[in-house]
Amino acid sequence: MKFISTRGKSFAKNAAEAITKGLADDGGLFVPEIFPDMGGEFENLLEMDYAETACLVLSKFLTEYDYDQLLSACKSAYSKFENGEPAPLVKTGENFYILELFHGPTLAFKDIALTLLPYLLRKGADLCGIKDNILILVATSGDTGKAALEGFKNADGIKIMVFYPSDGVSDMQKLQMCTQEGDNVNVVAVKGNFDDCQTAVKNIFSSAEAAGELKKRNCVLSSANSINFGRLAPQIAYYFSAYFDLVSNGEIKLGDKINFVVPTGNFGNILAGYYAKRMGLPVDKLVCASNSNNVLTEFFSDGEYNADREFYKTMSPSMDILISSNLERLVFELSGRDADITSKRMAELKKEGRYNISQKELNILEKDFFADYCDEDECRATISGFFEECGYVLDPHTSVAVDVADSFLSYSDSKNATVILSTASPYKFSQNVLYSITGKNERDPFKAADKLSKETAEPVPDKILELKNKSVRFNGIIEKSEALRSVISFAEK
Ligand SMILES: *Cc1c(COP(=O)(O)O)cnc(C)c1O
């Protein structure tokens, strides 16, 4: 399948090329030329396990990848999850379900794509005949960095460099990254917030100087952020698996519509849900849940995207984002796939920090989406209330989603099954979760994890305990203007 750029001046002849490049040459994002229809596969999907579902969904886009090889890659990636189940559903109330996406190697939903991306990229580069080394640049708000490092460590012909905001991630997230093992990895803190990291990385992608310097060192760049279609595509699969699990368990009938509530930052996760809907999955509303950085909530309500605003550091740091990259893919669809309008809007965003969509587009948007946000007090109250009521411990990101689900359900009176996407283990944010549930302050993340475990009678995950004994390998901190230089010197090593 061919991939086109949201800015219209570039394309990729197939998925392999789109995945290997990451970002289109014109600065736009690659989108599939059409949305394949999954309607004819519903009976098959009812019988499939997670890896088979993922392979089937991916194969509709990755038409040049060998199906059997892709299936074994999916099986191997998803065997790395607890009990071999990447996306178990837990029922916590009438018509209310939590889709737990955090049972992978780094305890966040990013693992679902990043355990598979190394295969998609390696194979993609081979299919494109690329002989150079691949250098993957990652900007992270906390979880992508670790999941990508773990996925790509010691991969042949691939190096990976991660940029994270110096004080924009949780203690556990930072420790996870800075203790990373592997001889092809590098991790640096950037002074600033996630948007600074993301902008620095995107500028390197679109810099001819960077490409030239790296070419001299036999390197080409790629991305493991959700701007890369290879990162986005595996995320479509769990919307399907959740739906067909509900049907198999007799919770809904085939054809019933359901809602998904998604804690949103860079708009990658929820966009995968929108793609699933466009592929024929019976989805009613996609609910976009934000924290105090509520730029998306306002966009969905009045059609103006305005990133020129105060930035808040919250207890859900992976959603502390003002420029949601993947929204460009949605805006492209809303405009009727008008690349000129999309380019113009993205140029305005870069220059003025804002752009508008039309009333007609806003009306289209409202058919598929509902959006709201949750502040810090509400987030804490939801963690403690949900634990009291259901005995279930939410991480702060998932708590934002549960809070917004409540406002959505009281506003819409929807009788559909509603699925919350749970994106991280609460132990990655142990201090804040402990405080929310018990009112106790504990600064040490491991002691907080231990106390949380005693309070909730749930064991601390091994991946957290292991961190305690690992030594810190990376402690560099740079200005964002130094990013390119640090990339070139890493490429030389
Ligand atoms: C990345 C992340 C999010 C936001 O997902 P997007 O795809 O960026 O919208 C939410 N919660 C957690 C825990 C995350 O790691």
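These numbers were taken from a predicted model, which means no experiment stands behind them.

Thresholds applied
Residues numbered from 1 in each chain as written. Predicted model: local features only at pLDDT ≥ 70, side-chain atom pairs only at ≥ 80, totals over all residues. Heavy atoms only, no water. Near = heavy atom within 4 Å. Polar contact = N/O pair within 3.5 Å; in protein donor to acceptor, adjacent residues only side chain to side chain. Areas by Shrake-Rupley, 256 points an atom, 1.4 Å probe, with all protein chains shown as cover. Nonpolar A, V, L, I, M, F, W, Y, C, P; charged D, E, K, R; others polar. Pairing = 2+ DSSP bridges. Helix = DSSP H or I, 4+ residues; strand = E, 2+ residues; numbered from the N terminus. Contact = heavy atoms within 4.5 Å. Axes fitted to C-alpha atoms, helices over the stretch in contact; angles between N-to-C directions.

Caption draft 1: Representation of the site of the ligand. Of all residues adjacent to the ligand, which total 15 residues, the nearest are Lys-110, Asp-143, Gly-265, Asn-266 and Asn-269. At 2.8 Å from an oxygen atom of the ligand is found a main-chain nitrogen or oxygen belonging to Asn-269. For the ligand, whose accessible area on its own is 380 Å², the fraction buried by protein is 98%. A breakdown of the residues in the shell around the ligand according to their chemical character gives five nonpolar, eight polar and two charged.

Caption draft 2: Representation of the sheet that holds strand β7 (residues 158-165) within the structure. The strand order β9-β6-β7-β8-β16 describes an open sheet built from five strands, whose pairing is parallel. Looking at the sheet topology across the chains shown, the edges are occupied by β9 (219-223) and β16 (477-478). Here strand β6 (residues 133-139) runs beside β9; their pairing, made up of five bridges, is parallel. Its bridge partner being in β9, Leu-135 is matched across the sheet by Leu-221. On the sheet, helix α7 (residues 143-152) packs against β6, β7 and β8 (185-190) and is oriented at approximately 165° with respect to β7.

Caption draft 3: How the structure looks around the sheet that holds strand β14 (residues 369-373). The sheet built from six strands is open, its strands ordered β4-β5-β15-β10-β11-β14 with mixed pairing. Each having just a single partner strand, β4 (89-93) and β14 make up the two edges of the open sheet. If you compare each strand with its neighbour and ignore which way they point, the axes differ by 25° on average. Inspection of the sheet shows β4 paired to strand β5 (residues 96-100) by four bridges, in the antiparallel sense. Along β5, the bridge assignment pairs Lys-91 with Tyr-97. The sheet contacts of helix α12 (residues 268-278) involve β10 (258-263), β11 (283-290), β14 and β15 (417-422), and relative to β11 the element is tilted by about 170°. Packing of helix α18 (residues 396-412) onto the sheet brings it into contact with β5, β10, β11, β14 and β15, and relative to β11 it is tilted by some 130°.

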